[in-house]
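# Overview (structure and organization)
So you can see what is in the structure, the chains are spelled out below.
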Amino acid sequence: MEALAVRLSGLDPYVDGALRIVAFYDTLMRRRVDLPALARASAGLAECVAGVGLRGTGRTIRVGPDGREAPGPAGPASGTVPVVLDEEEIGTVWLERAGPAGPLDEVLLDRLALAVAGAVERYGPARTTMADPALVELVIGAETDEAARARALRLLGFAVGPVVRVAAVRSPRLPLDQVGGAVCPGGPVKAARIGGVGVLLAPGLERDRFPAGVRAGLGAADRPDLAWREARTALRLTTAREPVLEHAELGALALLAEVPREVLRGNPDVAALVRLAGAPGDAEEDARGNGDGREAQTPREAREALDTLNTLEAYCAAGSLRRAADALHLHHSSVARRVDLIGRALSVDLTTPTGLTRARMALAAWRLLGD
């Protein structure tokens, strides 16, 4: 690296300086220096105060260019870079220059952040939520033997013996590590993304702690592989009104997840609901049409379909027109007209217990088709 820097120095002074910084931090990492040593070395190289802050432990290190702890409160940062470990932001590094940032400050901070992540991982505890997906897959995999599963759990930091609960999560806005921290603030929790779905593993998961906007299904089985299967089924049946479901609550509805998709789609009640609501959850189909010769929905048609589904879901959940009207903030006569129109479109009398049961099962099957 140093020889390459010398050869390039005559061509581009910036490249020369950047390579020397890379070589400088490579040397520090090879020597396995700790966080205070990294901060001292960085402050001396930058000739200004350098700072390292870790979120999990609340630890902050500020060192001046003389190698001593910087006095007083932190000044304004001239540059900051997050420290990332296992895809999770665990802290920040920064420089406090009196003037504008230097031309090589960004390179220096990038390398410092990498070195800090390595030091935290080495000397720990890292206290990260995001885990190695390969280890998580071993824990929840149906083909994993029990010895390998137990070893993967130990490597993830879980004690031998207590049952580890499993949740399947969809969180379009909130990062998965923050979801894990919210539902299990006082205990160990590990997270990973498997096949586009988030996985949470923890000794205990409190359903009331899932943040708004997050959909989650919780498994009930003692074995993690069976619990993962249950959690995915529960996730597929969540709604805006019930964003978090435990598999144990599903009862016989869970059997619908075992029915082949073509059988569900061929059921008259489900087929009628698909026609009424439009093809669910398939943006590609929506772009080219609904896959059955019909054109894609217009925005107005999409809003009307959403209103139809909201009305039907509210009525099925409430079991009465007045309670559904309260949930939808509408007059009960308006809800009655909508329910009558929906019933005629589905060829189901929604005012009878049998009709209500058929509608509930059709809605559940429709959600499974849209997954």
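This text follows the structure it describes.
This text gives an overview of the structure that appears in the document. (Residues numbered from 1 in each chain as written. Predicted model: local features only at pLDDT ≥ 70, side-chain atom pairs only at ≥ 80, totals over all residues. Heavy atoms only, no water.)

As a further point, take helix α3 (residues 35–46). Here α3 is 12 residues long and its end C-alpha atoms lie 16 Å apart, about the 16 Å a rise of 1.5 Å per residue gives. Within the sequence span of α3, burial applies to L35, A37, L38, A39, A41, S42, A43 and A46. The N-capping residue of α3, defined by a side-chain oxygen 3.1 Å from the backbone nitrogen of A37, is D34. A positive phi of about 60° marks E47, the residue just after α3. (Helix = DSSP H or I, 4+ residues; strand = E, 2+ residues; numbered from the N terminus. Expected span 1.5 Å × (residues − 1). Buried < 20%, exposed > 50% of the residue type's maximum accessible area, 1.4 Å probe, protein only. Polar contact = N/O pair within 3.5 Å; in protein donor to acceptor, adjacent residues only side chain to side chain.)

With that settled, consider the packing of α3 against helix α4 (residues 105–123). Contact geometry for α3 and α4: axes closest at 10 Å, N-to-C directions at 170°. Between α3 and α4, the interaxial angle falls into the category roughly antiparallel. Residue-level inspection shows L35, L38, S42, L45 and A46 of α3 in contact with α4, the latter providing L108, L112, A115, V116, A119 and V120. The residue makeup of the contact of α3 with α4, split by class, is 10 nonpolar, 1 polar and no charged. (Axes fitted to C-alpha atoms, helices over the stretch in contact; angles between N-to-C directions. Parallel < 35°, antiparallel > 145°, perpendicular 65-115°, else oblique. Contact = heavy atoms within 4.5 Å. Nonpolar A, V, L, I, M, F, W, Y, C, P; charged D, E, K, R; others polar.)

A few words now on the pairing of strand β3 (residues 79–85). When β3 meets strand β4 (residues 88–96), the two strands line up antiparallel, connected through 7 bridges. Residue V81 lies in a different strand from β4, and its bridge partner there is V93. Once β3 ends, the chain turns through 2 residues before running back antiparallel as β4, passing D86 with a positive phi of about 55°. (Pairing = 2+ DSSP bridges.)

So, about the packing of aromatic side chains. Throughout the structure, instances matching the rule amount to 1 aromatic pair. Between the aromatic rings of F24 and Y25, the centroid separation amounts to 5.3 Å while the plane-to-plane angle is 90°, which identifies the pairing as edge-to-face. The class for F24 is partly exposed, based on a relative accessible area of 28%. (Phe/Tyr/Trp six-rings, centres within 6.5 Å; stacked < 30°, edge-to-face > 60°.)

Here we take up a negative patch on the surface. On the surface, a cluster of negative charge is made up of D86, E87, E121 and D132. For E87, the position within the fold is in the loop between β3 and β4. Since its relative accessible area comes to 66%, E87 is described here as exposed. (Patch = residues over 30% accessible without salt bridge, like charges linked within 9 Å, V, L, I, M, F, W, Y side chains within 5 Å. Areas by Shrake-Rupley, 256 points an atom, 1.4 Å probe, with all protein chains shown as cover. Salt bridge = Lys/Arg side-chain N within 4 Å of Asp/Glu carboxyl O. Lys, Arg positive; Asp, Glu negative; His and termini not counted. Charge placed at Lys NZ, Arg CZ, Asp CG, Glu CD.)

Here T239 is to be found in the loop between α8 (224–236) and β9 (244–246). On the basis of relative accessibility, which here comes to 7%, the residue T239 falls in the buried class. Here the side chain of T239 touches R241 through a polar contact of 3.2 Å, landing on its backbone nitrogen. At a separation of 2.9 Å, a polar atom in the side chain of T239 contacts the main-chain amide nitrogen of E242. Here T239 is in contact with R215, E313 and R367, once residues within four sequence places are set aside.

Let us look at the environment of C316. Looking at where C316 falls in the secondary structure, it is placed in helix α13 (residues 299–318). Here C316 falls in the buried class, since its relative accessible area comes to 6%. Residues C316 and M361, spaced 45 residues apart in sequence, show a C-alpha to C-alpha distance of 9.8 Å.

Overall, mixed pairing links the 5 strands, which are arranged β6-β7-β5-β8-β9 in an open sheet. Every other strand in the sheet has two partners, leaving β6 (190–194) and β9 as the edge strands with one partner each. Taking the axes of each pair of neighbouring strands and ignoring which way they run, one obtains an average angle of 20° across the sheet. Alignment of strand β5 (residues 165–170) against strand β8 (residues 215–218), held across 4 bridges, turns out to be antiparallel. Residue pairing across strands places R170 opposite R215, the latter belonging to β8. Against the sheet, helix α7 (residues 176–183) engages β5, β6 and β7 (197–202), with an angle of about 35° to β7. Strand contacts of α8: β5, β7, β8 and β9, with the helix running at about 35° to β5, the strand carrying the most contacts.

Under the definition given, this model contains 15 salt bridges. Here R367 ties to E313 by a salt bridge, and the two come within 3.6 Å at their closest N and O atoms. Separated by 54 residues along the polypeptide, R367 in helix α16 (residues 353–370) and E313 in helix α13 bring together distant segments of the chain. For the residue pair R367 and E313, the accessibility class agrees, reading buried in each case. For the salt bridge of R344 with D340, the shortest nitrogen-to-oxygen distance reads 2.9 Å. One end of the pair, R344, and the other, D340, are both in helix α15 (residues 332–346), 4 residues apart, so they sit about a helical turn from each other. According to the relative accessible area criterion, R344 is exposed, its value standing at 56%. One network of salt bridges, in which partners are shared, links E146, R149, R223 and D225.

Coordinates in, geometry out; function isn't part of it.
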